Amino acid sequence: SEKDENGNPKWTNEAPVEISVKCKSRSNKGCKKDVYSQSFYESTQNATIQMEDKEGNSGGCPVDVYLDIDPPSKPVIDNQYHDIWVNKNYTIKITSVDKMSGIKQFEYRYPNSTLIAGDGKSENEWHVWENSSKKAGDKTPFESTEFKRERGEIVEVRSVDNAGNYSEVSTTIIKIDKTA
């Protein structure tokens, strides 16, 4: 199976994934077919391709599929100050789960902002929270970096899995006013 830049299995969200394996028989008579192929259309990490030799013995060959066509769950945002004015920095907690490939990252944007973020991109473009990945099935919340800038606006949040599927977008309202 293919590996990503970090040496992890490379997932895809493009079905079908077709896998072919060469048959090797333990007897002298050989296999009924030299190559056995199977196409996978549903989210699958590992599977078995069945083969048969010319004597009628069958067996399975384990294969890695790494197909994930299902998006992560819609993020649930825990914002203790949702739509409440505060005069301090604070974080939010976000829970989203991906059962198959795991969450690669959480992303956020301010859809109505005209400001430029620290990375030089507009705040209304999607930005990645660093170190926000989660293993498949992990239900622990991700804690965002601190919201510091004075503002009173909507922030949108989504999660992206390791196969490139995007969750639905969730929103919360950040209201910070530090000026007397």
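Relevant structure appears above.
These numbers were taken from a predicted model, which means no experiment stands behind them.

## With respect to the packing of aromatic side chains
Phase 1: Scanning all chains against the criterion turns up 8 aromatic pairs.
Phase 2: Seen in terms of ring centroids, Tyr 90 and Phe 147 are 6.2 Å apart; in terms of plane orientation they differ by 45 degrees. Their pairing is tilted. One end of the pair, Tyr 90, is in the loop between strand E5 (76–78) and strand E6 (93–95); the other, Phe 147, is in the loop between strand E9 (142–143) and strand E10 (151–161), and 57 residues separate them in sequence.
Phase 3: By the ring-pair criterion, three or more aromatic residues cluster together here, those being Tyr 81, Tyr 90, Phe 106, Tyr 108, Tyr 110, Trp 129, Phe 142 and Phe 147.
Phase 4: In this structure, Arg 151 packs its charged tip against the face of Tyr 110, placed 3.7 Å from the ring centre.

## Some details on the pattern of salt bridges
Phase 1: For the structure on display, the rule yields 7 salt bridges.
Phase 2: For Arg 149, the salt bridge identified is with Glu 123, shortest N-O distance 2.8 Å. Here the residue Arg 149 occupies a position in the loop between E9 and E10, and Glu 123 occupies one in the loop between strand E7 (103–109) and strand E8 (127–128), the gap between them amounting to 26 residues.
Phase 3: Through salt bridges with shared partners, one network takes in Glu 123, Arg 149, Arg 151 and Glu 153.

## A look at unusual backbone geometry
Phase 1: Along the chain, Ala 15 connects to Pro 16 via a cis peptide bond; the corresponding omega equals 0 degrees.
Phase 2: Along the polypeptide, Pro 16 turns up in the segment before strand E1 (17–22).
Phase 3: A positive phi angle, near 60 degrees, is found at Asp 83, a position not held by glycine.
Phase 4: Among the structural elements, Asp 83 can be located in the loop between E5 and E6.
Phase 5: Even without being glycine, Asn 131 reaches a positive phi, approximately 55 degrees.

## A word on the nonpolar core
Soluble globular proteins: nonpolar side chains tend toward being buried together.
Phase 1: The biggest cluster of nonpolar side chains holds 17 residues, and the ones touching the most others in it are Tyr 90, Ile 92, Ile 94, Trp 129, Phe 147 and Ile 174.
Phase 2: Listing elements by their share of this core, those giving two or more residues are E7, E10 and strand E11 (170–176).
Phase 3: The dominant element in this core, judged by the number of residues it contributes, is E7, at 3 residues.
Phase 4: Setting aside chain neighbours within four positions, we find Ile 94 in contact with Pro 75, Val 76, Phe 106, Trp 129, Pro 141, Phe 142 and Val 157.
Phase 5: In this structure, Val 17, Ala 47, Ile 49 and Leu 67 belong to the second largest nonpolar core, which totals 13 residues.

Calculation criteria
Residues numbered from 1 in each chain as written. Predicted model: local features only at pLDDT ≥ 70, side-chain atom pairs only at ≥ 80, totals over all residues. Heavy atoms only, no water. Phe/Tyr/Trp six-rings, centres within 6.5 Å; stacked < 30°, edge-to-face > 60°. Helix = DSSP H or I, 4+ residues; strand = E, 2+ residues; numbered from the N terminus. Lys NZ or Arg CZ within 6 Å of the ring centre and 35° of its normal. Salt bridge = Lys/Arg side-chain N within 4 Å of Asp/Glu carboxyl O. Core = buried A, V, L, I, M, F, W, Y, C linked by side-chain atoms within 4.5 Å. Buried < 20%, exposed > 50% of the residue type's maximum accessible area, 1.4 Å probe, protein only. Contact = heavy atoms within 4.5 Å.

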